[in-house]
Amino acid sequence: MNIHSKKRRLAAAAAVGISAAMVLSACSSSSSKSPAASSGGQVTLHFFGADYGTAGTANSTQLYWQNIATAFHQANPNITVDIQTIDWTDFPNKLKTMLQAKNYPDIIEGDAPQEYAQEGIAYPASDVLSASTLSNLIPTFAKQGDYQGTEYGIPFTTSTRALYYNKKLFTAAGITAAPTTWAQLQTDAQKITALGNSTIGYGLPLGSEEAQAESYMWMLGDGGGYLTNGQYTINSAANIKAFQFMDGLVKAGVTEASPGTVDRTALWNDFASGDVGMVGGSPAVVPIIQAAGKLQSTDWATAPFPGESGPLTDPLGVDDQIVALNVHNQKSAISAFLNFAYQDQYQAAFDKLYDLLPATTSAANALATDPIFGSFVSAIATSSAYPSNPNWSDVSTQIKNTIGGALANPTTVLGQIQTFATSQN
Amino acid sequence: MTHNTVAEDVGTAPPRPARPPRPTAHPARRVLRALAPLPWLAPAIILIAAVVLWPVWEMFTTSRQNINSDGFNLGSNGWANYTAVFHDPRLPAIMTRTAIWVIAIVALTVVISLLFAQLFNQKFPGRKVVRWALIAPWAASVMMTSIVFRWMLDPNNGVINVLLHQLGIVKAFNGPQASWLGNPTDAMCWMIGVAVFVSIPFTTYALLAGLATIPGEVYEAARVDGAGRFRTYFAITLPLLRPALTVAVLINLMNVFNSFPIIYTMTSGGPDYQTSTSTVYMYAIKGYNIGQSGALSVLNFGVVILIVLVFLRANKNSLKAAN
């Protein structure tokens with residue numbers, strides 16, 4: 001009896017163990033949605049995008065798209081657009097999980113188009129956008145959506161990066177002008193940290209939210225970058241040197257502690273509360289400062305991001321792209337929706353909502369003389385963009401997850417990312 | 001050794017002299033008789049096959065495919081995913097960390113739960129309320145608990161840091177000392193603490209149930225024999241509690257090994273995977289290589305099975321006593 005019951009227990013325990021292991025181990029699903037009927041009848045488009053605001057509040061991007069979708073549905077009663085947005089930190093994971101489960105959206109906003117183009121599931125931009133809208137896109141960014149000479153990605157919103165600094169803290173620390181070199185930045189950050197009261201001299205966000213942007217701004221500072229002539233050179237000498245300098249800042253205690261775990265939104269919020277002397281940022285910092293209500297418009301300013309020996313002339317320019325997937329064969333419906341969404345009023349509404357920059361030439365020209373945004377807009381022409389290699393999306397994920405470790409170990413960690421980038425081509 | 005001449009027993013189990021002689025049966029009837037329980041077992045067998053065996057098979061086949069991050073199967077990858085897993089320079093550190101994570105949490109949980117179970121087994125005013133209160137960490141979502149702890153540890157204004165600052169332990173906000181979750185070692189300690197916190201209720205209740213099964217006469221006999229408190233505990237309570245303890249430890253071992261939400265919520269396994277256990281790491285690499293993630297799943301699965309088998313083997317006597 002004992003032998004049998006022991007066996008039974010073993011089997012039961014093994015079954016429990018297997019089930020427990022399975023819950024977290026299995027990650028394969030082959031269920032696929034059948035494409036909706038494309039001719040006649042009702043059509044539902046699925047839109048998946050990033051949330052540039054805060055979910056559940058009035059500035060959520062969910063509402064922005066929902067308004068467009070509602071207006072669009074009124075004009076085209078047979079097309080319904082289902083909107084889903086999610087914050088940037090969870091965006092890559094959520095999107096990958098959807099795709100891996102074969103749950104394809106029709107329109108994606110916020111991801112690079114090249115991988116989809118390579119897989120043959122993306123529409124060329126010219127298939128889903130009218131010629132007039134297409135030619136109005138800012139050329140620097142339109143080119144970012146290319147895969148083998150064809151444009152797949154459609155820039156939707158753009159931003160260039162600059163250094164935000166708190167003038168009040170600068171005055172208190174006896175600093176008269178914004179830093180233009182790395183050395184000046186370090187000296188200024190030291191003076192600001194010395195004010196005490198837990199003030200952070202320079203906010204260095206290398207957490208997973210947007211580590212690829214902060215890293216790139218520093219790499220550009222001494223002539224490095226992710227690519228050289230189209231090939232990945234992530235562990236170049238210049239990049240390693242940039243991270244050594246950043247680590248020096250951390251070791252000197254003039255940044256926040258453990259930058260590898262701190263996301264940019266957290267630091268932008270801290271800057272808005274007046275606790276951070278300097279931070280790199282896009283125009284999206286402006287509404288955060290205004291919402292916090294701690295800093296008046298005269299208390300802060302922006303300057304070109306410092307480089308090793310002088311300010312960056314080719315600062316980081318980011319464009320978030322829209323890509324349309326052909327999995328459900330909804331070309332005409334997607335085209336109708338995108339042409340509707342790219343109307344000037346909606347571009348303007350988005351830029352107003354988040355203080356980001358437009359993706360169209362006409363809208364950018366209108367902003368060129370704006371006191372706050374003028375300098376960001378004028379930087380577009382010479383800005384440095386992210387790589388548009390097909391595997392950039394995966395490389396970017398890897399950078400977000402690991403580059404925080406490059407402060408302590410630049411050679412090893414940047415080397416690992418380089419190996420990853422070149423082995424996945 | 002006496003030879004049994006019953007034909008169908010030859011070649012099966014060695015006959016034992018003590019066994020009573022069985023009437024000879026036709027082989028077909030024996031097969032039928034053996035199959036008789038099948039209708040009753042079939043639903044369970046089908047369930048196990050569908051929710052356990054089939055996913056295991058899927059996991060294994062996935063681990064041998066080359067699947068990109070968008071879910072496109074680019075064909076068979078042989079054993080290359082496994083080679084990639086075993087050549088991953090991060091694997092040794094992650095596996096060591098996983099072992100520390102599991103052992104530390106299970107050991108702390110069991111020791112603390114033994115104390116709690118003993119306390120709650122006593123009769124005292126308000127016992128009911130305290131017993132209910134103990135359920136709270138169990139009833140609350142683990143993710144919720146983790147988020148609460150993450151904010152309590154915020155380097156700028158987390159309530160734990162404010163308290164430690166007032167006590168003079170943390171010198172300055174926003175400094176390296178206040179950034180508990182930013183330093184991998186400190187972060188692991190805090191997360192182990194949270195894991196123990198959420199594991200204690202179940203373990204305590206399992207042990208409490210075990211304590212309730214120990215008959216009062218045994219204690220009476222011990223008192224009559226003049227055994228002291230410690231002697232009674234170590235010679236009577238603990239041995240009689242062993243079946244409950246074994247089950248509690250086993251379930252905790254598997255739960256903790258597979259634990260995901262605490263680490264994912266508090267540090268996401270970062271920076272640079274330095275707070276990832278193998279389960280969290282498996283999820284992280286799923287973001288860019290499903291096949292390799294599948295291979296690591298198979299490895300994790302093997303480790304869990306191994307832990308369970310070794311543990312059951314080591315505790316076979318206590319399980320026997322349970323029957």
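Residues numbered from 1 in each chain as written. Chains lettered and ligands numbered in written order. Predicted model: local features only at pLDDT ≥ 70, side-chain atom pairs only at ≥ 80, totals over all residues. Heavy atoms only, no water.

**Overview of the confidence of the model for chain A**
At step 1: Of the residues in chain A, 90% have a pLDDT of 70 or more, and the chain-wide mean is 86.
At step 2: Within the model, the stretch residues 13–39 of chain A combines pLDDT values under 50 with 48 contacts to residues more than four positions away or in other chains. (pLDDT = per-residue confidence, 0-100. Contact = heavy atoms within 4.5 Å.)

**With respect to the packing of aromatic side chains**
At step 1: The tally for this structure, following the rule as stated, stands at 47 aromatic pairs over all chains.
At step 2: Relative to A:Trp65, the ring of A:Tyr64 lies with its centre 5.3 Å away and its plane at 80 degrees, an arrangement referred to as edge-to-face. The pair A:Tyr64 / A:Trp65 is uniform in exposure class, with both members buried.
At step 3: Across the ring face of B:Phe72, the terminal group of A:Lys102 is positioned such that the distance to the ring centre comes to 5.5 Å.
At step 4: A cation sits over an aromatic face here: B:Arg64 above B:Trp79, 4.3 Å from the ring centre. (Phe/Tyr/Trp six-rings, centres within 6.5 Å; stacked < 30°, edge-to-face > 60°. Buried < 20%, exposed > 50% of the residue type's maximum accessible area, 1.4 Å probe, protein only. Lys NZ or Arg CZ within 6 Å of the ring centre and 35° of its normal.)

**Comments concerning the pattern of salt bridges**
At step 1: Within the structure shown, the criterion is met by 11 salt bridges over all chains.
At step 2: Between A:Glu115 and A:Lys96 there is a salt bridge, with its nearest N and O atoms 3.6 Å apart. Within this pair, whereas A:Glu115 is found in helix α4 (residues 114–119), its partner A:Lys96 is found in helix α3 (residues 91–100), the two being separated by 19 residues in sequence. Assigned by exposure class, A:Glu115 and A:Lys96 land together as buried.
At step 3: A network of salt bridges, in which partner residues are shared, links A:Lys96, A:Glu115, A:Asp394 and B:Asp70. (Salt bridge = Lys/Arg side-chain N within 4 Å of Asp/Glu carboxyl O. Helix = DSSP H or I, 4+ residues; strand = E, 2+ residues; numbered from the N terminus.)

**Structural notes on empty space enclosed by the protein**
To find leftover empty space, a probe the size of one water molecule is rolled over the atoms.
Residue and element names in this part refer to chain A.
At step 1: Applying the stated criterion to the full structure yields two cavities of 30 Å³ or more.
At step 2: Among the secondary structure elements, those contributing two or more residues to the lining of the largest cavity are α10 (211–221), α12 (264–272) and β11 (276–281).
At step 3: Grouping the amino acids of the lining of the largest cavity by side-chain chemistry returns four nonpolar, two polar and four charged. (1 Å grid on protein atoms, 1.4 Å probe; cavity = no way out; pocket = protein on both sides within 12 Å on 5 of 7 lines; lining within 4 Å. Points joined across faces, edges and corners; volume = space filled by probe spheres on them. Nonpolar A, V, L, I, M, F, W, Y, C, P; charged D, E, K, R; others polar.)

**A closer look at the domain arrangement of chain A**
Residue and element names in this part refer to chain A.
At step 1: Entries for chain A in the domain assignment read domain 1 (6–159 + 318–382) and domain 2 (162–315 + 391–423).
At step 2: Measuring from the centre of the C-alpha atoms in domain 1 to the corresponding centre in domain 2 gives 28 Å.
At step 3: Between domain 1 and domain 2, the contact holds 17 residues from the first and 20 residues from the second.
At step 4: Summed over both partners, the interface of domain 1 with domain 2 comes to about 1,400 Å²; 60% of that surface belongs to carbon and sulfur atoms.
At step 5: The tally of links between domain 1 and domain 2 comes to one salt bridge.
At step 6: Measuring nitrogen to oxygen at the nearest pair gives 3.9 Å for the salt bridge that ties Lys96 to Asp394.
At step 7: Remark: the boundary between domain 1 and domain 2 carries two residue pairs in polar contact (both at pLDDT 80 or more). (Domains from an automatic or database assignment. Buried area = accessible area lost by both parts, 1.4 Å probe. Polar contact = N/O pair within 3.5 Å; in protein donor to acceptor, adjacent residues only side chain to side chain.)

**Some words on the packing of helix α10 (residues 229–257) of chain B against helix α13 (residues 290–314) of chain B**
Residue and element names in this part refer to chain B.
At step 1: Taken N-terminus to C-terminus, the directions of α10 and α13 make an angle of 170 degrees; their axes are 10 Å apart at the nearest point. With respect to their mutual orientation, α10 and α13 come out roughly antiparallel. Residues Arg242, Thr246, Val249, Leu250, Leu253, Met254 and Phe257 of α10 pack against Asn300, Val303, Val304, Ile307, Val308, Phe311, Leu312 and Ala314 of α13.
At step 2: Among the residues making up the contact of α10 with α13, the classes are represented as 12 nonpolar, two polar and one charged. (Axes fitted to C-alpha atoms, helices over the stretch in contact; angles between N-to-C directions. Parallel < 35°, antiparallel > 145°, perpendicular 65-115°, else oblique.)

**Quick look at the pairing of β11(A)**
Residue and element names in this part refer to chain A.
At step 1: For β11, the tally of buried residues reaches six of six residues, placing the bulk of the element in the interior.
At step 2: Both strand β7 (residues 162–166) and β11 contribute to a ladder of four bridges, which runs antiparallel. Looking at β11, one finds that Tyr165 is bridged to Met278.
At step 3: In this sheet, β11 lies alongside strand β8 (residues 200–203) in parallel orientation, the contact comprising three bridges. Bridged to Gly203 within β11 is Val279. (Pairing = 2+ DSSP bridges.)

**Considering the sheet that holds strand β3 (residues 107–109) of chain A**
All names here are of chain A.
At step 1: Reading across the sheet, the six strands line up as β2-β1-β3-β13-β6-β14 and stay open at both edges, with mixed pairing between neighbours. The sheet is open, and its two borders are formed by β2 (79–87) and β14 (357–358), each paired with just one other strand.
At step 2: Bridging between strand β1 (residues 43–51) and β2 involves nine bridges; their strand directions are parallel. Along β2, the bridge assignment pairs Phe48 with Gln84.
At step 3: Packing against the sheet, helix α2 (residues 61–75) makes contact with β1, β2, β3, β6 (154–160) and β13 (317–324), and its axis sits at approximately 175 degrees to β2.
At step 4: Packing against the sheet, helix α14 (residues 331–341) makes contact with β1, β2, β3, β6 and β13, and its axis sits at approximately 45 degrees to β1.

**Observations concerning the environment of A:Val323**
Residue and element names in this part refer to chain A.
At step 1: Within the secondary structure, Val323 is located in strand β13.
At step 2: Considering only alpha carbons, one finds Val323 and Ala142, 181 residues apart in sequence, at a separation of 12 Å.
At step 3: For Val323, the residues in contact, after removing those within four places along its chain, are Asp106, Ile107, Ile108, Pro113, Tyr116, Ala122 and Tyr152.

**With respect to helix α11 (residues 237–251) of chain A**
Residues and elements named next belong to chain A.
At step 1: With 15 residues, α11 extends 21 Å between its outermost C-alpha atoms, agreeing within 8% with the 21 Å of an ideal straight helix rising 1.5 Å per residue.
At step 2: Ala238, Asn239, Ile240, Ala242, Phe243, Phe245, Met246, Asp247 and Leu249 are the residues of α11 that are buried.
At step 3: The elements touched by buried residues of α11 are α9 (182–193), α10 and α19 (410–423).
At step 4: One or two steps after α11, the chain reaches Gly253, where phi turns positive at roughly 75 degrees. (Expected span 1.5 Å × (residues − 1).)

**Quick word on the environment of A:Ile154**
Residue and element names in this part refer to chain A.
At step 1: By the secondary structure assignment, Ile154 is in strand β6.
At step 2: The spacing of Ile154 and Ile108 is 46 residues in sequence and 10 Å in space, taken between C-alpha atoms.
At step 3: The contact partners of Ile154, leaving out residues within four places of it in the chain, are Ala125, Val128, Leu129, Leu137, Asp320, Gln321, Ile322, Leu338 and Tyr342.

**Quick look at the nonpolar core**
All names here are of chain A.
At step 1: Membership of the largest hydrophobic core comes to 78 residues, with the highest contact counts inside it found for Trp65, Tyr116, Ile154, Tyr164, Phe271, Phe337 and Leu338.
At step 2: By residue number, the principal contributor to this core is α14, which donates six residues.
At step 3: Domain assignment of the residues forming this core places at least three in each of domain 1 (6–159 + 318–382) and domain 2 (162–315 + 391–423). (Core = buried A, V, L, I, M, F, W, Y, C linked by side-chain atoms within 4.5 Å.)

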